[in-house]
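Structural overview
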Amino acid sequence: MTMASLIPPQLISFMGAFLLGFAVCSLSTAYFAVGVSNLRYIWQCLLAVLRTLLISLRSALVEAQDALMMKRIIGEDETTRKWQWRRAWSVLKTELQKTRQTAKDGMMVLKQETALYAGVVGAVPGLV
């Protein structure tokens, strides 16, 4: 018996409606609290941070893939691919630490932005 069969479908529908209502209520409160232009600016800041984070994560995965499928030269023109799991794992751990630092920096930037808004508009309870 799976976990999905234990949860009634009505509960899932109720939770989905609850979360959607919460999202609409939060956006409308933010709209009236800080205004449309400020809300767009906050959204652009959030998207910039997320974009940077995804670029960093993609870079980490590409580096790990390159390390995993390392080419080994046999002769002058012959090459083979040899799986190097340990090297790929160490590269992935190193690159994910960089990605984690990027995420921390992004959260710090967002917190500084909210502190700037709190200084201008006053403390808004819904901001980070």
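This text gives an overview of the structure that appears in the document. (Residues numbered from 1 in each chain as written. Predicted model: local features only at pLDDT ≥ 70, side-chain atom pairs only at ≥ 80, totals over all residues. Heavy atoms only, no water.)

Observations regarding the side chain of glutamate 95
If you trace the backbone, glutamate 95 turns up in helix α4 (residues 85–121). Taking the relative accessible area as the measure of exposure, glutamate 95 reaches 14% and is therefore buried. If we skip the residues at most four places from it in the chain, glutamate 95 touches Ser59, Ala60 and Glu63. (Helix = DSSP H or I, 4+ residues; strand = E, 2+ residues; numbered from the N terminus. Buried < 20%, exposed > 50% of the residue type's maximum accessible area, 1.4 Å probe, protein only. Contact = heavy atoms within 4.5 Å.)

Things to note about the packing of helix α2 (residues 9–34) against helix α3 (residues 36–68)
Two elements in contact, α2 and α3, have axes separated by 7 Å at closest approach and are oriented at 120°. Between α2 and α3, the interaxial angle falls into the category oblique. Between α2 and α3, the residues in contact are Leu27, Ala30, Tyr31 and Val34 and Val36, Asn38 and Leu39, respectively. Considering only residue class, the contact of α2 with α3 consists of 6 nonpolar, 1 polar and no charged. (Axes fitted to C-alpha atoms, helices over the stretch in contact; angles between N-to-C directions. Parallel < 35°, antiparallel > 145°, perpendicular 65-115°, else oblique. Nonpolar A, V, L, I, M, F, W, Y, C, P; charged D, E, K, R; others polar.)

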